[in-house]
Amino acid sequence: GNSVTQMEGPVTLSEEAFLTINCTYTATGYPSLFWYVQYPGEGLQLLLKATKADDKGSNKGFEATYRKETTSFHLEKGSVQVSDSAVYFCALIPYNTDKLIFGTGTRLQVFP
Amino acid sequence: EAQVTQNPRYLITVTGKKLTVTCSQNMNHEYMSWYRQDPGLGLRQIYYSMNVEVTDKGDVPEGYKVSRKEKRNFPLILESPSPNQTSLYFCASSFGQGGETQYFGPGTRLLVL
């Protein structure tokens, strides 16, 4: 079946540190891959997406590359800020469907 | 402004008292969906709709109903709420053409006593 596995949190970093949140997936065919972010008390916002192998999604300094060979879509940022503190969800939509399948989320806490 | 709205944002109720959570989108999206978010479980799909009068079960549909009489609205109905339905609920919508980005409402936090 289709599923998403992401690293458990919380991830605790100092401001300006490098961030990696690991995400791997299981899916048939070529799913679309997403990272959503949930700031405290808010809904989910799309952070970035990639729809085919080797695509790189990027937004607000965050990046993730669609790796078909390792079935991964790791989220990275070179220098985190306190304002990046949030819960990050990796998700996929299987090919030719509209069903969004989420990982369990990773809480990021950035301290000054 | 393009958005998905939900009402109410917060709700406390008692077991067995029917309630409805409304969801509306102004983007002319065909696909709409309801999710619940629980700690350690991420978001799980409750019901979805591909278009007006077309709805189907997601992964956790028990205890919920939906309807899609108009394209913009997709209410979630709990006929007889129970404490295990205490959760954070999100409505989402997209154009529904496969792999499209889904846009989320602000969430409804429900407590069933």
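Rules behind the numbers
Residues numbered from 1 in each chain as written. Chains lettered and ligands numbered in written order. Predicted model: local features only at pLDDT ≥ 70, side-chain atom pairs only at ≥ 80, totals over all residues. Heavy atoms only, no water. Pairing = 2+ DSSP bridges. Helix = DSSP H or I, 4+ residues; strand = E, 2+ residues; numbered from the N terminus. Axes fitted to C-alpha atoms, helices over the stretch in contact; angles between N-to-C directions. Disulfide = S-S within 2.5 Å. Buried < 20%, exposed > 50% of the residue type's maximum accessible area, 1.4 Å probe, protein only. Contact = heavy atoms within 4.5 Å. Buried area = accessible area lost by both parts, 1.4 Å probe. Salt bridge = Lys/Arg side-chain N within 4 Å of Asp/Glu carboxyl O.

> Which parts of the structure should I look at to understand the sheet that holds strand E3 (residues 19-21) of chain A?
Strands in a sheet are paired, the pairing made by backbone hydrogen bonds, and the direction either parallel or antiparallel. All names here are of chain A. With respect to topology, four strands assemble into an open sheet ordered E3-E9-E8-E7, the strand pairing being antiparallel. Every interior strand has two partners, whereas the edge strands, E3 and strand E7 (56-59), have only one. Adjacent strand axes in the sheet meet at a mean angle of 15° when their direction is disregarded. The pairing of strand E8 (residues 62-65) with strand E9 (residues 75-77) spans three bridges and is classified as antiparallel. What sits directly across from Ala64, in E9, is Leu75.

> Sorry, what's going on with the state of the cysteines here?
Here a disulfide denotes one covalent bond, and it connects the sulfur atoms of two cysteines. Residues and elements named next belong to chain A. Tallied over the full model, the rule gives two disulfides over all chains. Here Cys23 pairs with Cys90 through a disulfide, and the sulfurs are 1.9 Å apart. In this structure the cystine formed by Cys23 and Cys90 twists about its S-S bond by roughly -70°; its chirality is therefore left-handed. Within this pair, whereas Cys23 is found in strand E4 (residues 23-26), its partner Cys90 is found in strand E10 (residues 86-93), the two being separated by 67 residues in sequence. Each member of the pair, Cys23 together with Cys90, is buried.

> How should I be thinking about the interface of chain B and chain A in this particular structure?
Many descriptions give the size of an interface as the accessible area lost when the pieces come together. The interface of chain B with chain A comprises 24 residues on the first partner and 19 residues on the second. In total, chain B and chain A occlude about 1500 Å² of area from one another, counting both sides; carbon and sulfur atoms represent 51% of this. Our count for the contact surface shared by chain B and chain A stands at one salt bridge. Of the charged contacts, one joins Asp59 of chain B and Lys99 of chain A as a salt bridge, the two residues approaching to 2.6 Å between their closest N and O atoms.

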